[in-house]
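Descriptive analysis of the structure
The primary structure of each chain is shown beneath.
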Amino acid sequence: MATLEDPIEIGGVTIPNRLYRAPLLECAGNGPDAVDTLIDDLEPAAESGVGLICQGATIVSGDGGCAAPGMTRVHDPEFVERLSRLTDRIHDHGSRIVVQLEHGGLRSMETWHAEYRREHPDLEQLAVSEPPWQLRALDRLGFLSSDPHVLSTDEVYELAADFGRSAAYAADAGYDGIHLAGANMGIVQQFLSPFYNHRDDEFGGSPEARLEFLAVVHDEIRKRAGDVPLLTKVPAETPAPPSPVVRRKLSLEDGIEIARRLEKIGYDAVVPVQTSVVWDMSIVRGAYPERAWGNEGLYDEYDAAFGGTTRRKLVAAANRVQSLQYDFDPAWNEDFCRRVREQVSIPVLAEGGIRERSRMDRLLGDGSEEPACDMVGMARPFYAEPRLGARLLKDAPDNARVLCESCNNCTVPQVTGAPGMCRTPTVLQRRGDLEREGVYER
Ligand SMILES: Cc1cc2nc3c(=O)[nH]c(=O)nc-3n(C[C@H](O)[C@H](O)[C@H](O)COP(=O)(O)O)c2cc1C
Ligand code: SF4
């Protein structure tokens, strides 16, 4: 049975242990400080011994497609070359780093961010098909602003080539692998999902055809970046509202089948995640962020994003309802991961609500049951404790658990453009105490 400290291979690359930092949008942009911001965000995890660092989503095209303000674009080889300073720093600590490639499609800021929409009236959203009626209704009510451009067949191939080009630049800059934003309503999920995809060319019409985009992206990456390890999130849209609100969505069985086919196509690892058909709290289960919504210092950012005070309050109310629906659920992707792992022989990475060392050991298989996964990851806990690895790896007490309370006070500010960090004073205070005790030193 594997332990958290055991190395693992993904696509021929050895990762020194089985703990990973899951992708968290850094929103470092592409300006003069971008690389330093990324180093500040990501190096502490590597320093603390975490085996694999997953950089958050970056955009493969030169305009449009960003899901949140300030996302880094990786379409420009000169910029990506500068990221070798980041990959060198991560390698100096013996860790590995992958970058996540993304295009937001209908989830882009040009759909939902009020100020950005005003400033970029000409930007259309790339769409797999005409948006579903649920999004059109939100458009009519003024919550979204859709101006979809349905991709022609040639444009789909061109978008896949963008993923391939960005992957090649990243491999040249020293990244150890490519991670695809296959879930969380990015364009990859929009291709996979029957909720979005009603195409009648080779990219739609059947489950196999809806997977074709990922097959072409795989081929483009192999053609341009060689045998670089390739992993992707795999969605099951189980948390989406039931029929008749959402009639067609990816079931758990569909997600398992997608993972099985991805292995055949040549993907090197999968990250099964349960996610709704839209961008909501199902991927960040936890409490209603009372403190974040009450932070007057951030009202300007919120109002710019949501389109004024009234809309901000409505979004906060929707967030309150969702937090009841998607309350914290420990290791909520465990069952999905275990069922995928029974069907594939490539590594399965588990994330979502994993908080204690003992649970990590169990997920990896401590002898009491079949392993659910081959690596365990966390996202928000790294905001609370950037050097978390030092506390969880090697000689960690059995009852070691993270400080993060999954309160989501970090999530709303981050999504609207504020820096990603823990924003709960009691948690920060506790971290300060632990820092003084020296527990984050290695
Ligand atoms: C602020 C924030 C940003 C995120 N950014 C990304 C991202 O860029 N790409 C991605 O695949 N997932 C992203 N996620 C989802 C996380 O990778 C992770 O799956 C989720 O937070 C659940 O793990 P946790 O309970 O350990 O936080 C983000 C989550 C948060 C809270
Ligand atoms: S604000 Fe801090 S404690 Fe709350 S979810 Fe974010 S990182 Fe965790």
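Just above, that's the structure.
Report follows, based on the coordinates. (Residues numbered from 1 in each chain as written. Chains lettered and ligands numbered in written order. Predicted model: local features only at pLDDT ≥ 70, side-chain atom pairs only at ≥ 80, totals over all residues. Heavy atoms only, no water.)

Observations concerning the overall build of the protein
For the protein, the helix and strand inventory stands at 20 helices and twelve strands. Computed over C-alpha atoms, the radius of gyration of the protein comes to 20 Å, within 12% of the 22 Å expected from 2.2 N^0.38 for 442 residues, which places it in the range of a compact globule. Overall, the protein is about 55 × 50 × 45 Å in size when its C-alpha atoms are taken along their principal axes. Here the protein has roughly 17200 Å² of accessible surface; of this, 48% comes from carbon and sulfur atoms. For the protein, the distance from the average site of its 48 positive side-chain charges to the average site of its 71 negative ones is 4 Å. (Helix = DSSP H or I, 4+ residues; strand = E, 2+ residues; numbered from the N terminus. Rg over C-alpha atoms; globule rule 2.2 N^0.38 Å. Areas by Shrake-Rupley, 256 points an atom, 1.4 Å probe, with all protein chains shown as cover. Lys, Arg positive; Asp, Glu negative; His and termini not counted. Charge placed at Lys NZ, Arg CZ, Asp CG, Glu CD.)

Remarks on the site of ligand 1
By nearness alone, 23 residues border ligand 1, and Pro23, Gln100, Glu351, Arg355 and Arg380 come closest of all. Leu25 has a polar backbone atom sitting 3.0 Å from a nitrogen atom of ligand 1. Contact distances for ligand 1 include 2.7 Å between a nitrogen atom and a side-chain N or O atom of Gln100. In isolation ligand 1 offers 610 Å² of accessible surface; the protein chains occlude 94% of this area. Elements represented by at least two residues in the shell around ligand 1 include exactly strand E4 (52-59), helix H17 (380-384) and helix H19 (411-415). Residue composition of the shell around ligand 1, grouped by class: twelve nonpolar, seven polar and four charged. (Near = heavy atom within 4 Å. Polar contact = N/O pair within 3.5 Å; in protein donor to acceptor, adjacent residues only side chain to side chain. Nonpolar A, V, L, I, M, F, W, Y, C, P; charged D, E, K, R; others polar.)

Description of the site of ligand 2
Around ligand 2, the surrounding shell holds 14 residues, and the nearest of these are Cys404, Cys407, Asn408, Cys410 and Cys422. Residue contributions to the shell around ligand 2 peak at three residues, all from H17. Classifying every residue of the shell around ligand 2 by side-chain character gives seven nonpolar, four polar and three charged.

Let's talk about the nonpolar core
Core analysis: the biggest nonpolar cluster contains 92 residues, and Ile178, Leu180 and Phe213 have the highest contact counts within it. With sequence-adjacent residues up to four places away left out, Phe213 is seen in contact with Val156, Leu159, Ala160, Phe163, Ile187, Val188, Phe191 and Phe203. Counting residues in each nonpolar core, the second largest holds 32 residues, with Ala68, Met109, Trp112 and Ala292 among its members. (Core = buried A, V, L, I, M, F, W, Y, C linked by side-chain atoms within 4.5 Å. Buried < 20%, exposed > 50% of the residue type's maximum accessible area, 1.4 Å probe, protein only. Contact = heavy atoms within 4.5 Å.)

Examining helix H1 (residues 34-47)
Here H1 is 14 residues long and its end C-alpha atoms lie 20 Å apart, about the 20 Å a rise of 1.5 Å per residue gives. Regarding H1, the residues found buried are Ala34, Val35, Leu38, Ile39, Leu42, Glu43, Pro44, Ala45 and Ala46. Lining the buried residues of H1 we find strand E3 (19-21), E4, helix H2 (77-82), helix H3 (84-92), strand E5 (96-102) and H17. Backbone geometry just downstream of H1 places Gly49 in the positive-phi region, at approximately 100 degrees. (Expected span 1.5 Å × (residues − 1).)

Quick notes on unusual backbone geometry
The phi dihedral of Asp395 is positive, around 65 degrees, even though this residue is not glycine. Position of Asp395 relative to the elements: it lies in the loop between helix H18 (389-392) and H19. The phi torsion at Ser406 lies on the positive side, around 55 degrees, for a residue other than glycine. With respect to the secondary-structure elements, Ser406 resides in the loop between H18 and H19. Since its relative accessible area comes to 3%, Ser406 is described here as buried.

Examining the side chain of Asp162
Of note, Asp162 is situated in helix H7 (residues 153-172). Exposure remark for Asp162: the relative accessible area of 18% places this residue in the buried category. With residues near it in sequence (within four places) discarded, Asp162 still touches Val60 and Ser61.

Points about the pairing of strand E10 (residues 269-274)
Taken across its six residues, E10 has six buried, putting it largely inside the fold. Going residue by residue along E10, you find Ala269, Val271 and Val273 tucked away on one face and Val270, Pro272 and Gln274 tucked away on the opposite face as well. Relative to E10, strand E9 (residues 230-236) runs parallel, the two sharing six bridges. Paired with Lys233 across the bridge in E10 is Val271. Taken together, E9, helix H11 (residues 252-265) and E10 form a β-α-β motif whose crossover is right-handed. (Pairing = 2+ DSSP bridges. Right-handed = clockwise from strand over helix to strand, strands pointing away.)

Let's talk about the packing of aromatic side chains
Taken as a whole, this structure holds eleven aromatic pairs when the rule is applied. Ring centres of Phe163 and Phe213 lie 5.9 Å apart, and the angle between their planes is 85 degrees; this geometry places the pair in the edge-to-face category. Within this pair, whereas Phe163 is found in helix H7, its partner Phe213 is found in helix H10 (residues 212-225), the two being separated by 50 residues in sequence. For Phe163, a relative accessible area of 1% puts it in the buried group. Judged by centre distance (6.4 Å) and plane angle (40 degrees), the rings of Tyr299 and Tyr302 are tilted. Residue Tyr299 and its partner Tyr302 are both found in helix H13 (residues 299-306); the two are separated by three residues, about one turn of the helix. Its relative accessible area of 23% is what places Tyr299 among the partly exposed residues. Positioned above the aromatic ring of Trp279, the side-chain terminus of Arg107 is 3.6 Å from the ring centre. (Phe/Tyr/Trp six-rings, centres within 6.5 Å; stacked < 30°, edge-to-face > 60°. Lys NZ or Arg CZ within 6 Å of the ring centre and 35° of its normal.)

A short note on the pairing of E5
Along E5, six of the seven residues are buried, which leaves the element largely enclosed by surrounding structure. In this sheet, E5 lies alongside E4 in parallel orientation, the contact comprising seven bridges. Pairing of Thr58 across the sheet is with Leu101, part of E5. Where E5 and strand E8 (residues 177-180) come together, four bridges link them in parallel fashion.

What to know about the pattern of salt bridges
Pairing between side chains of opposite charge can happen when the charged atoms of each approach one another. Scanning the model with the defined rule gives 29 salt bridges in all. Residues Glu47 and Arg387 are paired through a salt bridge, measuring 2.8 Å at the closest nitrogen-oxygen approach. Taken together, the positions of Glu47 in helix H1 and Arg387 in the loop between H17 and H18 put the pair 340 residues apart, joining distant regions of the chain. Given a relative accessible area of 30%, Glu47 falls into the partly exposed group. Across the salt bridge formed by Glu369 and Arg362, the nearest N and O atoms sit 3.4 Å from each other. (Salt bridge = Lys/Arg side-chain N within 4 Å of Asp/Glu carboxyl O.)

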